[in-house]
Amino acid sequence: MSNIGKNVTIAATARIGENVTLRDGVIIEDHVVVGDNCYIDYNTIIKENVTLGANSFVGANSILGEFLQDFFDGNVNKKHPLTIGEHALIRSGAIIYGDTEIGPYFQAGHRVTIREKTHMGEHVILGTLSDVQGDCQIGNYVHMHSNVHIGMKATLKDFVWIYPYVVLTNDPTPPSETLDGVTVEKFAVVCTGTVVLPGLHIGQDALIGAGTTLTKDVPDMTIMVGNPGRPVGNVTKIRNDKGEQVYPWRYSFKRGMPWKDSDYDHYIAEQK
Amino acid sequence: MSNIGKNVTIAATARIGENVTLRDGVIIEDHVVVGDNCYIDYNTIIKENVTLGANSFVGANSILGEFLQDFFDGNVNKKHPLTIGEHALIRSGAIIYGDTEIGPYFQAGHRVTIREKTHMGEHVILGTLSDVQGDCQIGNYVHMHSNVHIGMKATLKDFVWIYPYVVLTNDPTPPSETLDGVTVEKFAVVCTGTVVLPGLHIGQDALIGAGTTLTKDVPDMTIMVGNPGRPVGNVTKIRNDKGEQVYPWRYSFKRGMPWKDSDYDHYIAEQK
Amino acid sequence: MSNIGKNVTIAATARIGENVTLRDGVIIEDHVVVGDNCYIDYNTIIKENVTLGANSFVGANSILGEFLQDFFDGNVNKKHPLTIGEHALIRSGAIIYGDTEIGPYFQAGHRVTIREKTHMGEHVILGTLSDVQGDCQIGNYVHMHSNVHIGMKATLKDFVWIYPYVVLTNDPTPPSETLDGVTVEKFAVVCTGTVVLPGLHIGQDALIGAGTTLTKDVPDMTIMVGNPGRPVGNVTKIRNDKGEQVYPWRYSFKRGMPWKDSDYDHYIAEQK
């Protein structure tokens, strides 16, 4: 039993779960699967071969399963599945391509763009207007804030934080045919307005300060700031306004993390 | 007498004023009030508890009264009123949340985002793709150009100018639970591409040059430039291409200002 | 014979070519011309006086022929034609104004904005979220990547490359009434995150490195980097990872260029 609005179109081969809400103007194309308890807001378009996990929300005016480049060869949509895990919360205006897999508990702000061949783990957050350009490997619990640009071939490991207006580039001598993606290791933090040059490696627990133009690899635990970015010390030296050590942040920050009910050490101990 | 297009949905409890145009596909939910002489373009969605002042325009594909986070607790829209003053000009693609008040003569470019608990005065301008993250206090005659990011807890006093790709941040040791908003005093100007670090205070009549990474408070009347931003003099020393002093700008610039028909000194004298 | 979806509106004076696909919810207003073999995806709105060349694609939720400022004088759409050449590929979410001409083989990413009085040559590419503010002259084979901001009065000559998060400004003493656009000469490359100050001239074959705040004119063939941008040599000194000279790039890069099947020298010889 579902709740279907006005002017909703559901293709014959689509499968809609129990207790699904489809608001007015929603379009569901062929071979789409919508899990139980999903809520799809006004005018959202789910193109062919999209699988949306149970208990998910998709905001108004979104497009899931957007055409890849090969559509334009004859205006025929080829088979490029998009799979989104359970408990997704995708706010209005999203555009997400086929040939992409997104794990459970994904959260997106408004008007995100995610292109093809992107793999995201679980509990990933992607902020308003952010653009994942495709062919990207994104781990678990990665937080990308508003208006970030994740260039093709980027790799973000688990628990990475990317703040607003960060751009990860990939072409060392633009324009060229080379795509040299950026790699960010676990727990690293890249602050607002940083531009990361192609192919760079940002080490575990590193902290890149706001407004940095990063031109060199970053060792683990290292703070980089400036234009060009220069190392200015170890992250352990940073104190908050109470004088407490705050990095590596996994020992002082819990919200939304798998150790939110205990602490990082207990979480790791339990994983073993 | 109003002009209602095709496939328009108007909830029973909505109140639509005189001489209103609702183009095709517009959706008006419960407890919405649309003032006289408003024009709502194609497919715009006005969710519950939105009040739109008379003589306003809302461009196509907009969403007013977007869901707050508490919607996702049971997929039920709680009561979060959005009030927009008279003579608003909101271009297409806007997303504006509930629990927000916007004064009269608001103007927005395309695809703006304004989140909850934002208070804006009158004659505010917000450019294309700009994102006001919520819990922000914005005065009168504030101009925010295209693609600015106003972080939570920011305070912008009257007559402030924020230029494209400026980001006002708020987390001093990201990720943390602290939100330390930026304050910008009256008449200050923050130029293109500037990143302002958390909790900073920008003084009255200050001028932050393009591309600055601002890491320190800025005294009144002071020019700051560079990465990190450094003071380079008093704004009174700046001359335009005719050799005229141009700052504080309120003595040389009138367009759109309340003193547009006389000058700033007369305006102030009349206010008293 | 065309393929018309559900709830499509076509004004009486519109002319729709042969073999056109209009998906559900498309709106075509008066005096619109859609060339043969075009494909217009769901819910796209084509306002009055738009001419779309044959063999073009327009993605879902786009708005072509968006209102200019003079609409708001009485909510009446004045005549401001938009002409888009053949073989356009405009991805979903575009907003393009009237009084604009775009040459053939235009390609756009998602949610681009192009304002009035823009002239673009042929084979122009404009990436996702990019914003051309209007009154801009853009040559042939100009590539503007994602999230660029082309300020009013900018001039981009043929074969220019503009990378993500570049902003071309225009007001030398903001706020003022002066609009002093940036000029970029042929073959110049402006890399990611660069802010270009008003009225600057970037010479032919110049290369502006990522993260530069450009405050001075750039001679031909010159590399500029830093904040403020400083000259650091001639582009001919740059080598790729194979040790090859890569600039001027027209001798080493062919994809999408008119010399893609031979080389630049042969192309020039044939032009004569």
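Details of the structure are given in the entry above.
Residues numbered from 1 in each chain as written. Chains lettered and ligands numbered in written order. Predicted model: local features only at pLDDT ≥ 70, side-chain atom pairs only at ≥ 80, totals over all residues. Heavy atoms only, no water.

Time to look at the relation of the copies chain A and chain B. By a simple turn and slide, chain A fits onto chain B: the slide is 0.0 Å along the axis, the RMSD is 0.0 Å, and the turn is 120°. The transformation relating the two chain copies, once decomposed into turn and shift, fits a three-fold axis. Taking C-alpha positions as the reference, the residue of chain A nearest the rotation axis is Asn227(A), at 3.9 Å. Interface overlap between copies: only 19% of the residues of chain A at the interface are likewise at the interface in chain B, consistent with a contact formed by different surfaces. (Least-squares fit on C-alpha atoms with pLDDT ≥ 70 in both. Contact = heavy atoms within 4.5 Å.)

The interface is formed by 42 residues belonging to chain C together with 42 residues belonging to chain A. Across the chain C to chain A interface the summed buried area is about 3100 Å²; carbon plus sulfur atoms make up 56%. Of all residues in chain C, the largest losses of buried area upon contact with chain A belong to Tyr42(C), Arg111(C) and Tyr165(C), amounting jointly to 20% of the total for that side. Remark: the boundary between chain C and chain A carries three salt bridges. Salt-bridge contacts for Glu177(A) lead to Arg255(C); the nearest nitrogen and oxygen are separated by 2.9 Å. The tally of links from chain C across to chain A stands at 19 residue pairs in polar contact (both at pLDDT 80 or more). When the residues that make up the side of chain C that touches chain A are grouped by side-chain class, the tally is 18 nonpolar, 16 polar and eight charged. (Buried area = accessible area lost by both parts, 1.4 Å probe. Salt bridge = Lys/Arg side-chain N within 4 Å of Asp/Glu carboxyl O. Polar contact = N/O pair within 3.5 Å; in protein donor to acceptor, adjacent residues only side chain to side chain. Nonpolar A, V, L, I, M, F, W, Y, C, P; charged D, E, K, R; others polar.)

Here the focus is the relation of the copies chain C and chain A. Superposing chain C onto chain A requires a rotation of 120° together with a translation of 0.0 Å along the rotation axis, leaving an RMSD of 0.0 Å. Counting the interface residues of chain C, we find that no more than 19% of their copies in chain A are interface residues as well, pointing to two distinct contact surfaces.

Turning our eyes to something else, we now look at the packing of aromatic side chains. All chains considered together, the criterion is met by 69 aromatic pairs over all chains. An angle of 80° between the planes, with centres 6.3 Å apart, marks the rings of Tyr39(B) and Phe67(C) as edge-to-face. Placement of Tyr39(B) in strand S7 (residues 39-40) and of Phe67(C) in the loop between strand S11 (63-66) and strand S12 (82-84) is noted, with the two residues assigned to different chains. Taking relative accessible area as the criterion, Tyr39(B) reaches 6% and is therefore assigned buried. Pairing Trp161(B) with Trp249(B) gives two aromatic rings, centres 5.7 Å apart and planes at 90°, and the pair type is edge-to-face. You can see Trp161(B) sitting in strand S25 (residues 161-162) and its partner Trp249(B) sitting in the loop between strand S34 (230-234) and helix H1 (264-271), a full 88 residues away along the chain. Trp249(B) carries the same exposure label as Trp161(B), and that label is buried. An aromatic cluster is present here, built from Tyr141(A), Phe159(A), Trp161(A), Tyr163(A), Phe187(A), Trp249(A), Tyr251(A), Phe253(A), Trp259(A), Tyr264(A) and Tyr267(A) joined pairwise through their rings. The residue whose ring lies beneath Lys47(A) is Phe67(A), and the NZ or CZ to ring-centre distance is 3.4 Å. When the ring centre of Phe187(B) is taken as origin, the NZ or CZ atom of Arg250(B), which lies over that ring, is 4.1 Å away. (Phe/Tyr/Trp six-rings, centres within 6.5 Å; stacked < 30°, edge-to-face > 60°. Helix = DSSP H or I, 4+ residues; strand = E, 2+ residues; numbered from the N terminus. Buried < 20%, exposed > 50% of the residue type's maximum accessible area, 1.4 Å probe, protein only. Lys NZ or Arg CZ within 6 Å of the ring centre and 35° of its normal.)

In this section: the sheet that holds strand S6 (residues 33-34) of chain C. Residue and element names in this part refer to chain C. The parallel open sheet is built from 10 strands, whose spatial order is S3-S6-S9-S12-S15-S18-S21-S24-S27-S30. For this open sheet the edge positions go to strand S3 (15-16) and strand S30 (201-202), each flanked by a neighbour on one side alone. As paired strands, strand S27 (residues 183-184) and S30 are joined by two bridges and run parallel to one another. Note that in S30 the partner of Thr183 across the bridge is His201. (Pairing = 2+ DSSP bridges.)

Right, let's get into unusual backbone geometry. Residues apart from glycine generally show negative phi values, whereas peptide bonds are mostly found in trans. Cis geometry is found at the peptide bond from Pro174(A) to Pro175(A), where omega equals -10°. Positionally, Pro175(A) belongs in the loop between strand S26 (167-168) and strand S27 (183-184). Of the consecutive residues Tyr247(B) and Pro248(B), the connecting peptide bond is found in the cis state with omega at -5°. Locating Pro248(B) in the fold gives a position in the loop between S34 and H1. You will see that His87(B), though not glycine, has its phi angle at about 60°, which is positive. By the secondary structure assignment, His87(B) is in the loop between strand S12 (82-84) and strand S13 (89-90). The phi angle at Asp205(C) is positive, at roughly 65°, despite the residue not being glycine. Relative to the assigned elements, Asp205(C) resides in the loop between S30 and strand S31 (207-208).

Considering all chains together, one arrives at 25 salt bridges over all chains under this definition. A salt bridge links Arg115(C) to Glu116(C), with the shortest nitrogen-to-oxygen separation between them at 3.2 Å. Connected through salt bridges with shared partners, the residues Asp41(A), Lys47(B) and Glu66(B) form a single ionic network.

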